[in-house]
Amino acid sequence: MSATTHGKTPYYYVPAESSHPVMAAAGLFFVILGAGNWINGHEWGMYSLGLGLVWWLAVLFFWFREAAHESESGKYGRKIDLSFRWSMSWFIFSEVMFFGAFFTALWWARSHSVPALGSLDNALLWPDFKAVWPSMAAGATASPANSVEPFQTVGPFWLPTINTALLLTSGVTLTIAHHALQAGHRARTIAFMWMTVVLGFVFLCVQGYEYYHLYTELNLKLSSGVFGSTFFLLTGFHGFHVFVGMLMLFFITMRLHAGHFTSERHFGFEGAAWYWHFVDVVWLFLYVLVYWM
């Protein structure tokens, strides 16, 4: 949100009816439909996923452009600013719960499910099962019938550690950009914002290379038992959030180039920064719990 005001700012601006929410939901429908079917071996799911992503991103572009225009035309006052802050806070809280569910699934599998399957109660059912984590040894994949292919696990060195350094550095550059904006140094703000965007992009490239390495050399896949499923769900969803956060920062940088935001009012910038710092914190938990433990 910027401080540009033309005329009298309304007490609370109520936008006209819009098709953006339902169109965004339709795009996400095709994303989920395609992803679910692609994972289950239906090739057409790949095209549905791609179509849904393009559709969804296009809707977000026009939706956010409209919101930026409303802000620059002076329609957003203090009440809208508070509304945006509360909305972003609750959105990030929902994301905390989202990742909390997957971290809980990881903990439950390691601390309860796998030990329970290796207990005396299941000795007759699966006599060859070994209750160890990671579930990579012969007979330790919860698959004595060998329906899970042998695989190797991945440690913290070196790609995950490099990505940790990239994300932590991006948090620093983003904080420097924020302080520069508060001080009115727009050129410095833009420079450090571009650094943050590039660091996010490099993170995704490194993670993509890591996935290629896991699939081709370690045979670690989404189907590699409970270890593979929890690993790719946590790292994959986090990577998607990095992608979304990078897009947020990219468009905020474009708005900075266009002269939007001032040192006093710049919640569009702050909201994206909140989200990016949240992504950083999630990665630190993921780095320790998934790669080290």
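As the structure is a computational prediction, the values presented were derived from the model and not from experiment.

S.K.: I keep staring at the overall build of the protein and nothing clicks. Help me out?
M.R.: Across its full length, the protein carries seven helices and zero strands. Starting at the N terminus, the α and β elements of the protein follow one another as α-α-α-α-α-α-α. Oriented by its inertia axes, the alpha-carbon framework of the protein measures out at about 80 × 40 × 30 Å. For the protein, with 293 residues in total, the buried portion stands at 38%. Surface exposure of the protein reaches about 15800 Å², of which carbon and sulfur atoms provide 71%. Here the protein carries 13 positive and 15 negative side-chain charges, and the mean point of each set is 13 Å from the other.

S.K.: Which parts of the structure should I look at to understand the domain arrangement of the protein?
M.R.: As assigned here, the protein comprises domain 1 (6-75) and domain 2 (76-290). Computed over C-alpha atoms, the centres of domain 1 and domain 2 are 22 Å apart. Contacts between domain 1 and domain 2 engage 16 residues on the former and 13 residues on the latter. Roughly 1200 Å² is buried in total at the junction of domain 1 and domain 2, and carbon and sulfur atoms are behind 71% of that figure. Looking only at domain 1, the three residues that lose the most surface to domain 2 are Y11, Y12 and E72, adding up to 33% of its buried area. Taken together, the connections running from domain 1 to domain 2 amount to one salt bridge. The partner of R255 in a salt bridge is E72, and the shortest N-O contact between them spans 3.6 Å. At the surface where domain 1 touches domain 2, the tally comes to two residue pairs in polar contact (both at pLDDT 80 or more). For the side of domain 1 that touches domain 2, the leading source of residues is helix α2 (residues 44-72), giving nine residues.

S.K.: What is the right way to read the UniProt feature "transmembrane region" (unreviewed entry) in the protein from this model?
M.R.: Listed under "transmembrane region" (unreviewed entry) in the UniProt record, and renumbered for this structure, are residues 21-39, 45-64, 84-109, 157-177, 189-209, 229-252 and 273-292. The distance from the first to the last C-alpha atom of residues 84-109 is 38 Å, and the span holds 100% helix and 0% strand. Taken end to end, residues 189-209 is 100% helix and 0% strand, and its two terminal C-alpha atoms sit 31 Å from one another.

S.K.: Help me understand the pattern of salt bridges in this model?
M.R.: A pair can form between side chains of opposite charge whenever their charged atoms are brought close. The final tally for this structure, using the stated rule, is three salt bridges. Among the ionic pairs, D81 bridges to R85, the shortest N-O distance being 2.7 Å. Taken together, the residues D81 and R85, both in helix α3 (residues 78-117) and four residues apart, mark about one turn of the helix. Since its relative accessible area comes to 15%, D81 is described here as buried. For R85, a relative accessible area of 26% gives the class partly exposed.

S.K.: I would appreciate a short explanation of the nonpolar core in the present structure.
M.R.: Most often, soluble globular proteins keep nonpolar side chains buried together rather than apart. M193, L220, F231, L256, F269 and Y291 are the most contacted members of the largest nonpolar core, which has 49 residues in total. Contributions of two or more residues to this core are made by α2, α3, α4 (159-182), α5 (186-218), α6 (225-257) and α7 (267-292). The leading source of residues in this core is α7, at 14 residues. Each of domain 1 (6-75) and domain 2 (76-290) gives at least three residues to this core. The contacts of F231, once residues within four sequence positions are left out, are V154, E210, Y211, L214, L220, G236, V290 and Y291.

S.K.: Would you mind showing me how to read the side chain of T253 here?
M.R.: Structurally, T253 is set in helix α6. Looking at T253, the relative accessible area reads 0%, which means it is buried. Only 2.7 Å separates the side chain of T253 from the backbone oxygen of L249, close enough to count as a polar contact. Setting aside anything within four residues of it in sequence, one finds T253 in contact with I190, M193, W194 and V197.

S.K.: I would appreciate a short explanation of the environment of F62 in the present structure.
M.R.: Looking at where F62 falls in the secondary structure, it is placed in helix α2. Since its relative accessible area comes to 41%, F62 is described here as partly exposed. As for F62 and H20, which are separated by 42 residues in sequence, their C-alpha atoms are 8.3 Å apart.

S.K.: For this particular structure, what's the right way to read α7?
M.R.: Since one α-helical turn is 3.6 residues long, residues separated by three or four positions face the same way. The end-to-end C-alpha separation of α7 is 36 Å, in line with the 38 Å expected for 26 residues at 1.5 Å each. Of all the bends found along α7, the most pronounced is centred on L286 and spans about 25°.

S.K.: Could you clarify how one ought to interpret unusual backbone geometry in this entry?
M.R.: Among all residues except glycine, the phi angle is most often negative; among peptide bonds, the trans geometry is most common. Cis geometry marks the peptide bond from F157 to W158; its omega dihedral reads 0°. Structurally, the position occupied by W158 is in the loop between α3 and α4.

About the criteria used
- Residues numbered from 1 in each chain as written.
- Predicted model: local features only at pLDDT ≥ 70, side-chain atom pairs only at ≥ 80, totals over all residues.
- Heavy atoms only, no water.
- Helix = DSSP H or I, 4+ residues; strand = E, 2+ residues; numbered from the N terminus.
- Buried < 20%, exposed > 50% of the residue type's maximum accessible area, 1.4 Å probe, protein only.
- Areas by Shrake-Rupley, 256 points an atom, 1.4 Å probe, with all protein chains shown as cover.
- Lys, Arg positive; Asp, Glu negative; His and termini not counted.
- Charge placed at Lys NZ, Arg CZ, Asp CG, Glu CD.
- Domains from an automatic or database assignment.
- Contact = heavy atoms within 4.5 Å.
- Buried area = accessible area lost by both parts, 1.4 Å probe.
- Salt bridge = Lys/Arg side-chain N within 4 Å of Asp/Glu carboxyl O.
- Polar contact = N/O pair within 3.5 Å; in protein donor to acceptor, adjacent residues only side chain to side chain.
- UniProt positions renumbered as here; feature names shortened; annotations may be inferred.
- Core = buried A, V, L, I, M, F, W, Y, C linked by side-chain atoms within 4.5 Å.
- Expected span 1.5 Å × (residues − 1).
- Bend = angle between axes of the 7 residues up to and from the residue.

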